[in-house]
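# Chains, contacts and geometry: an overview
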Amino acid sequence: MWYRAKFLYNGEVTEGCINAFNEVVEVRKECRPDIDLSKEGLLVPASIDFHVHLRDWGLKHKETVATGTSEAVYGGVGMVVDMPNTSPPVRDYKTAVERLTLLDQFSRADFSVFAGVPDSREEAEKILKLPVAGFKVFPEDLERVEVLEGLDTLIILHPEVPRANSSFRNLRAYWMELASVLMVKGRVHVTHSTGLETIRLAKSLGFTTDFTPHHFLVEGERDCLTKVNPPIRDETTRMGLLLAFYEADAIVSDHAPHSKEEKALPYELCPPGIAAVSFTTPFVYSMVFKGVLDMERAFDLLFRNASKILGIKYGEVREGYPANFVVIKDEDWRYSTRFSKATETPFDGFPLQAKVKWTIIRGKVAYDGEEVYPVKGLNPYAFPGERVR
C-alpha cells in the first residue's frame, strides 16, 4: 500500500511516499499513491500506550479487547500493553497464554501483556518464555515481589504501599506512593506517578517513569467519575506535574473503563478508574500546536521512550520499522469517547487543538476519521526482529 503524506523524515517535514506492508518497505519522493493523505495533516508514528486495562472475559460489560483497541486507534494509539488485573487475573502461564491469544484474535492495534506477580519463581520464569512485556506489581504484590528478583525483565510498579488498599480515600496519602518506590529493585518503571517528587525519586534510583493526563488536569476527586487509583492529589502537587512533561520518560492513559451503572453507584462503592486511551495523543499534540511543547519532546513522551523502555523496534518512518502511523491535524474540537463501552469521562467536552484524522496499523487503515476497521494488530515480542533487548 502506497501512501502520499507530509511527514518528518531525517528531521525535516517533507511530502513524499511510503510503501507500507506490515513494516515500512520503502520511502521515496514520488509515487502513484493508493491513498493520498498529503492534505489531511502531518503523518507521525502512532503512539504507544503501555498502561491500559482492556477488561474482557468476566469484565466484558466494562470493555472488550475489540472496543478498547478501537478506542485506541481512534485516539492515534498504535500499540497498547494490557494490565493483568482481569477476571481471572493473568498471574500464571496458562492464563497468560489465553490472554495473549485473546488479544491476537481481537486487538486492532499492536499489543502485548504485562503479567501479574505469580506465586513462584518457577512460574515467573515460565511466563517469561512467552511474548510478554514484563510484570506488573500492584500494591498487594510488594510483600512478595522477591519472586521477580534477579530476573531479566521489566517490572512496572503501581506506586502505593499495600496499606493503601485498606485505607479510606482521604487517607490514601502521597507518602504511600513515595515509600513504594523504595521497595523495589531491578529494571523498574514507575507508572502513573501523581507528583513530580515521585518522578524525581524514581529517576534518582535509575528507574523510568510516566504520568497520566488526568493526574495533571482533573481538579480533585469530586465524584465517581473522577475517582481513580492512585488518587488525584492536591492542586500544588497536580500543578507540579507540568514539569513532568519535561522530566518524565513517557505519558500513558491508564485507560480503566467501567460501566455507566457502576459509576452511578454511591461514592463509597463505585470502582476507581478513568477511560482515556483516546485522549492522551490529541492532548499532547494540542500542547505542541499551542506552543507549550516542542514536537521532539512530544515524540519522546508518546512513543520514543516507550519503545526504549519496552525494548522494541518502533517509532520511525524508516525502512524496516512497523508501519504504524497517525495523521494529526491542527483543528479545534471537543473531546468525547466514540468506540469504548465507557461513555463518560472527566474529559468530556475538553477543548483540544489536535485531531486524529487517520490511524494506520501495520500498513492498513484502522481509522479514517469516521470508522474503525477490524485491522489485526501484532505482538512485537513474538517477532525476534522487532525486539531490541
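Residues numbered from 1 in each chain as written. Predicted model: local features only at pLDDT ≥ 70, side-chain atom pairs only at ≥ 80, totals over all residues. Heavy atoms only, no water.

### Some points on the state of the cysteines
Covalent bonding between the sulfur atoms of two cysteines defines a disulfide. Per the counting criterion, the structure on display carries two disulfides. With a sulfur-sulfur separation of 2.2 Å, C17 is cross-linked through a disulfide to C31. One disulfide, between C17 and C31, carries an S-S torsion of -85° and so falls in the left-handed class. With C17 in strand 2 (residues 12-21) and C31 in the loop between strand 3 (23-28) and strand 4 (35-36), this pair connects stretches of sequence that are 14 residues apart. A residue is classified by how much of its surface remains accessible, and C31, at 15% relative accessible area, is buried. Each sulfur of the disulfide joining C224 and C270 lies 2.2 Å from the other. (Disulfide = S-S within 2.5 Å. Helix = DSSP H or I, 4+ residues; strand = E, 2+ residues; numbered from the N terminus. Buried < 20%, exposed > 50% of the residue type's maximum accessible area, 1.4 Å probe, protein only.)

### What to know about the nonpolar core
Soluble, globular proteins show a tendency: their nonpolar side chains are buried together. One finds I48, F50, F114, F245, Y285 and L310 to be the most contacted residues of the largest nonpolar core, which totals 62 residues. Counting residues in hydrophobic clusters, the runner-up holds 35 residues, among them V52, V77, V80 and L142. (Core = buried A, V, L, I, M, F, W, Y, C linked by side-chain atoms within 4.5 Å.)

### Some words on the environment of A342
For A342, the position within the fold is in the loop between strand 14 (325-334) and strand 15 (351-361). Here A342 falls in the buried class, since its relative accessible area comes to 3%. Along the chain, A342 and S38 lie 304 residues apart, while their C-alpha atoms are 33 Å from each other. Among all residues touching A342, those that are not within four sequence positions of it are K62, P257, H258, A275 and T337. (Contact = heavy atoms within 4.5 Å.)

### Comments concerning the pairing of strand 10 (residues 154-157)
Residues L154 and I156 of strand 10 are buried on one face, and the alternating residues I155 and L157, pointing to the opposite face, are buried as well. Bridge count between strand 9 (residues 134-137) and strand 10: three bridges; the pairing is parallel. Note that in strand 10 the partner of V137 across the bridge is L157. Bridge count between strand 10 and strand 11 (residues 187-190): four bridges; the pairing is parallel. Of the residues in strand 11, the one forming a bridge with I156 is H189. Of the crossover connections in this fold, the one passing from strand 10 over helix 4 (residues 174-181) to the parallel strand 11 is right-handed. (Pairing = 2+ DSSP bridges. Right-handed = clockwise from strand over helix to strand, strands pointing away.)

### Some remarks on helix 5 (residues 196-204)
Those residues of helix 5 that fall on the buried side of the exposure criterion are L196, T198, I199 and A202. When helix 5 is viewed along its axis, its buried side chains cluster within an angular range of 160° and face the same direction. Of the residues in helix 5, the exposed ones pointing more than 90 degrees away from the buried face are E197 and S204. G206 occupies a position one or two residues after helix 5 and carries a positive phi of about 90°. (Arc of directions from axis to C-beta.)

### Comments concerning the side chain of R297
In this structure, R297 sits in helix 11 (residues 295-310). Among the polar contacts listed, one links the side chain of R297 to the backbone oxygen of F245, at a separation of 2.6 Å. (Polar contact = N/O pair within 3.5 Å; in protein donor to acceptor, adjacent residues only side chain to side chain.)

### A word on the environment of S204
Position of S204 relative to the elements: it lies in helix 5. Classification of S204 by relative accessible area gives exposed; the value is 56%. Within the local environment of S204, its side chain forms a polar contact with the backbone oxygen of L201, the two atoms lying 2.6 Å apart.

### Quick word on the sheet that holds strand 11
Strand order across the open sheet formed by eight strands is 6-7-8-9-10-11-12-13, with parallel pairing between neighbours. Both outer strands of the open sheet, strand 6 (47-52) and strand 13 (250-251), are each paired with one neighbouring strand and no more.

### What to know about the packing of helix 10 (residues 280-289) against helix 11
Interaxial distance between helix 10 and helix 11 falls to 9 Å at its minimum, and their mutual angle equals 165°. Between helix 10 and helix 11, the angle falls in the class roughly antiparallel. When you trace helix 10 past helix 11, the crossing you get is right-handed. Residue-level contacts link T280, T281, V284, Y285 and V288 of helix 10 to M295, A298, F299, L302 and F303 of helix 11. For the contact of helix 10 with helix 11, the residue count by class is eight nonpolar, two polar and no charged. (Axes fitted to C-alpha atoms, helices over the stretch in contact; angles between N-to-C directions. Parallel < 35°, antiparallel > 145°, perpendicular 65-115°, else oblique. Left-handed = near helix turned anticlockwise from the far one by under 90°. Nonpolar A, V, L, I, M, F, W, Y, C, P; charged D, E, K, R; others polar.)

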